[in-house]
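Chain by chain, the residues run as shown.
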Amino acid sequence: MTQAAESELDERVPGRRWTVRLDAAGRGSAAVRVSCSRPACAEQRLPSAAAGRAAAVAHLKAHLRAAPAPRPGAYCACRAEGCHTHLPDTGRHARAEPWRCGGPVVLAVVTDREGRWWQATECCSRCAAATPGAKTAATSQAPGPQHFERPASAAPGAGAPQFSDRQVAAGTEVPAPRSAPVQRRPPQVKVAQRVIPHDLRPAALRDELVELGDLFRAYQQRNEPDLALLADLHTRKASAFTAWATATGDARLRLDAQRAEQAATAARLQHQQRTGHATRNNSEPDSNTPAVAHLLTGPAQWAHARSVLAHVTDTAPLPGPEARLLVVMLTLRTAHTGTGNLVGQDLTGLGLSEPEDLVKQLAECGWLRLPGTPGDLLASRPENPTPITVPSLVPDEDAPGPFTFGRKLRPKLSGWAQKVVSDKKLRKAKATASTRLLALTLATQTDASGRLGPGGQGIALNALAAWAPVGSGELQHLADQLTAADWLTNAALTDTHLTGQLTERVLPLTCPLQA
């Protein structure tokens, strides 16, 4: 019966097929030629590939408009060529199986990816649907040719023959064949470059992670940053990643959560600095605290300022507050390379009682090197500064130096310290070197609102004595001098702590402690 059906198909009118091609007109020229497989169509020559492509498309469209509708009784032109456009090359016999074709006859248009040829074919709807990139231009109105299905294999022991030829009822529409369903994996959803498992439980945690991923991607598309929003997102991420680590036992997720907490803290501090709002306990803005624009603009710079004071505390070559203040200023001036320039005014403005003698002692003990005498240094002017060297700060291959900040930050730190110790009200009050050293120390030991000590709880006296080596009996007098110079307010000295708050005037000079 199958052979009879194939013979019947072979007797039908073959389907039409014509091709429009685009080829180069010759070497060394941009011109192209457009040719059509129909004998009556003359060849066209165009100056460029773009013009040739437009002419080829227009020529094919003209054929489609002029061509009659697909003929219901036409033999599938695709099958006549072995269905090579959509079947693998498995042999002529496999391609000729009649069950592969079926449905009404259509007029299909196919083009190659490079846009070099366009082909119109009169074929069955199944071949048109199976051909990659094919578009159906017209469909026959009458029922198509006989519809062939794959012969069903007989059940064991069944003697009745199974026929494959079934005549399609008149007026019924044969749907286009559907390709086999493709097994697709669920789409991957990510947050912070981590794939969220589709089976993660609890479901509320997965929903939170998916939403966070969407929010972070939306934030990246913003034209302007919103650091407060970014800090909130990182806080949510830290909480969600902690729960994710607990649910899966992945230690890397817990590390990501810790990094998110750090990012949230940094973003919140940057937001406070940009908006100029001080904070209470380094978390929530305090609406009653005036705006502050710090001279040193971030936690990293504040930490570097404290690192210089800590280094001087550990390595100061001479005792006493005057020597300590001078060593701090010289260290800041030479911190990056161990060398720097100095003028006499830099020393005479520190309130030192005997600046020349102190410089002499530092030079004699080897901590400082001068090209001349201490008197020459004090007499030098800005147009002719004196080069100085601190050997312990000179980096070498084995020891790069005690500080990690770069060359650009060093003058910022030096300028900050110079503004503190040469404050106009301290100069007007003729404050001593001890008072100026205490002012510099207190500026690095406040919270964001200017209250002394971590969390505004005050500074322990034993720690304060290490940074500013003054006697306990002298400390009250120095605090009174800072209060008179509008540096300190509400100062109170107990047996263990110094409490109080720096005034609003000097808040820009502070380096707030981290919570």
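Residues numbered from 1 in each chain as written. Predicted model: local features only at pLDDT ≥ 70, side-chain atom pairs only at ≥ 80, totals over all residues. Heavy atoms only, no water.

1. Quick notes on the sheet that holds strand β3 (residues 44-46)
So, step 1. Within the open sheet, the six strands sit side by side as β3-β2-β1-β5-β4-β6. Their pairing is antiparallel. What marks the edges here is a single partner per strand, and that holds for β3 and β6 (135-139). Across the sheet, the mean angle separating the axes of adjacent strands is 20° when strand polarity is ignored.
So, step 2. Where strand β4 (residues 105-111) and strand β5 (residues 117-124) come together, seven bridges link them in antiparallel fashion. Across the sheet, residue Leu107 finds its bridge partner in β5, namely Glu122.
So, step 3. Sitting on the sheet, helix α2 (residues 49-66) is in contact with β1 (17-24), β2 (32-36), β3, β4, β5 and β6, with an inclination near 170° to β1. (Pairing = 2+ DSSP bridges. Helix = DSSP H or I, 4+ residues; strand = E, 2+ residues; numbered from the N terminus. Axes fitted to C-alpha atoms, helices over the stretch in contact; angles between N-to-C directions. Contact = heavy atoms within 4.5 Å.)

2. Structural notes on the state of the cysteines
So, step 1. For the structure on display, the rule yields zero disulfides.
So, step 2. Cysteine Cys36 is unpaired, with the sulfur of Cys41 as its nearest cysteine sulfur at 3.8 Å.
So, step 3. The thiol of Cys76 is not disulfide-bonded; the next cysteine sulfur, from Cys127, is found 3.8 Å away. (Disulfide = S-S within 2.5 Å.)

3. Concerning the pattern of salt bridges
So, step 1. On inspection of all chains with the given rule, the structure shows 19 salt bridges.
So, step 2. With a closest N to O distance of 3.0 Å, Glu208 and Arg236 form a salt bridge. With Glu208 in helix α6 (residues 203-220) and Arg236 in helix α7 (residues 227-248), the pair connects residues that are 28 residues apart, well separated along the chain.
So, step 3. Ionic pairing is found between Asp214 and Arg217, a salt bridge with its closest N-O pair at 3.0 Å. Of this pair, Asp214 and Arg217 both sit in helix α6, separated by three residues, roughly a single helical turn.
So, step 4. Taking the relative accessible area as the measure of exposure, Asp214 reaches 41% and is therefore partly exposed. (Salt bridge = Lys/Arg side-chain N within 4 Å of Asp/Glu carboxyl O. Buried < 20%, exposed > 50% of the residue type's maximum accessible area, 1.4 Å probe, protein only.)

4. Some details on the sheet that holds strand β17 (residues 497-502)
So, step 1. A sheet is described by the order of its strands in space; here three strands give the open sequence β15-β17-β16, paired in antiparallel fashion. Every other strand in the sheet has two partners, leaving β15 (459-460) and β16 (488-493) as the edge strands with one partner each.

5. Thoughts on helix α9 (residues 299-315)
So, step 1. For α9, with 17 residues, the first-to-last C-alpha span of 24 Å sits near the 24 Å given by 1.5 Å per residue.
So, step 2. Listed in full, the buried residues belonging to α9 are Gln301, Trp302, His304, Ala305, Arg306, Val308, Leu309 and Val312. (Expected span 1.5 Å × (residues − 1).)

6. Section: the packing of aromatic side chains
So, step 1. Inspection of the entire model under this criterion finds two aromatic pairs.
So, step 2. With a centroid separation of 5.4 Å and an interplanar angle of 75°, the aromatic rings of Phe241 and Trp244 are classed as edge-to-face. With Phe241 and Trp244 both in helix α7, this residue pair falls three residues apart, about one helical turn.
So, step 3. Note on Phe403 and Phe405: the rings are 5.4 Å apart at their centroids and 20° apart in plane angle, and the pair reads as stacked.
So, step 4. Accessibility expressed as a relative area gives 13% for Phe403, which makes it buried.
So, step 5. In this structure Phe405 comes out as buried when scored by relative accessible area, which is 6%.
So, step 6. The ring of Trp18 has Arg38 lying over it, and the distance from NZ or CZ to the ring centre is 4.2 Å.
So, step 7. A cation over an aromatic ring shows up here: Lys237 above the ring of Phe241, its NZ or CZ 5.5 Å from the ring centre. (Phe/Tyr/Trp six-rings, centres within 6.5 Å; stacked < 30°, edge-to-face > 60°. Lys NZ or Arg CZ within 6 Å of the ring centre and 35° of its normal.)

7. Topic: the confidence of the model for the protein chain
So, step 1. This prediction gives the protein chain a mean pLDDT of 80; 82% of its residues lie at or above 70.
So, step 2. Mean pLDDT in the protein chain bottoms out at strand β8 (residues 165-166), which sits at 41, and peaks at helix α16 (residues 433-443), which reaches 91.
So, step 3. Contacts from residues 1-9, a stretch scored under 50 in pLDDT, to residues over four places away or in other chains number twelve contacts.
So, step 4. Of the regions scoring below 50 in pLDDT, residues 144-178 engages in 42 contacts with residues more than four places distant in sequence or in other chains. (pLDDT = per-residue confidence, 0-100.)

8. Overview of the packing of helix α10 (residues 321-334) against helix α12 (residues 355-364)
So, step 1. For the pair α10 and α12, interaxial distance at closest approach is 11 Å and the crossing angle is 70°. Put simply, α10 runs roughly perpendicular to α12. For α10 against α12, the interelement crossing comes out right-handed. Counting all contacts with α10, which are made through Glu322, Ala323, Leu326, Val327 and Leu330, the residues of α12 involved are Leu358, Val359 and Leu362.
So, step 2. Of the residues in the contact of α10 with α12, the class split is seven nonpolar, no polar and one charged. (Parallel < 35°, antiparallel > 145°, perpendicular 65-115°, else oblique. Left-handed = near helix turned anticlockwise from the far one by under 90°. Nonpolar A, V, L, I, M, F, W, Y, C, P; charged D, E, K, R; others polar.)

9. Here's the deal with the environment of Val191
So, step 1. Along the polypeptide, Val191 turns up in strand β9 (residues 190-191).
So, step 2. Since its relative accessible area comes to 1%, Val191 is described here as buried.
So, step 3. Distance in space between the C-alpha atoms of Val191 and Lys237 is 9.1 Å, their sequence separation being 46 residues.
So, step 4. Beyond its immediate sequence surroundings of up to four residues, Val191 is in contact with Ile196, Leu209, Leu212, Gly213, Phe241 and Trp244.

10. Observations regarding the nonpolar core
So, step 1. With 64 residues, the main nonpolar core has Leu326, Trp416, Leu442 and Trp487 as its most contacted residues.
So, step 2. Going through the elements one at a time, α9, α10, α12, α14 (409-421), α16, α17 (461-467), α18 (472-484) and β17 are the ones with two or more residues in this core.
So, step 3. In terms of residues, this core owes the most to one element, α10, which gives eight residues.
So, step 4. Ignoring anything within four residues of it in the chain, the contact list for Trp416 reads Leu295, Leu296, Ala305, Leu440, Ala443, Thr444, Leu509 and Cys511.
So, step 5. Core analysis: the next-biggest nonpolar cluster, separate from the first, contains 21 residues, Ile196, Leu209, Ala245 and Leu253 among them. (Core = buried A, V, L, I, M, F, W, Y, C linked by side-chain atoms within 4.5 Å.)

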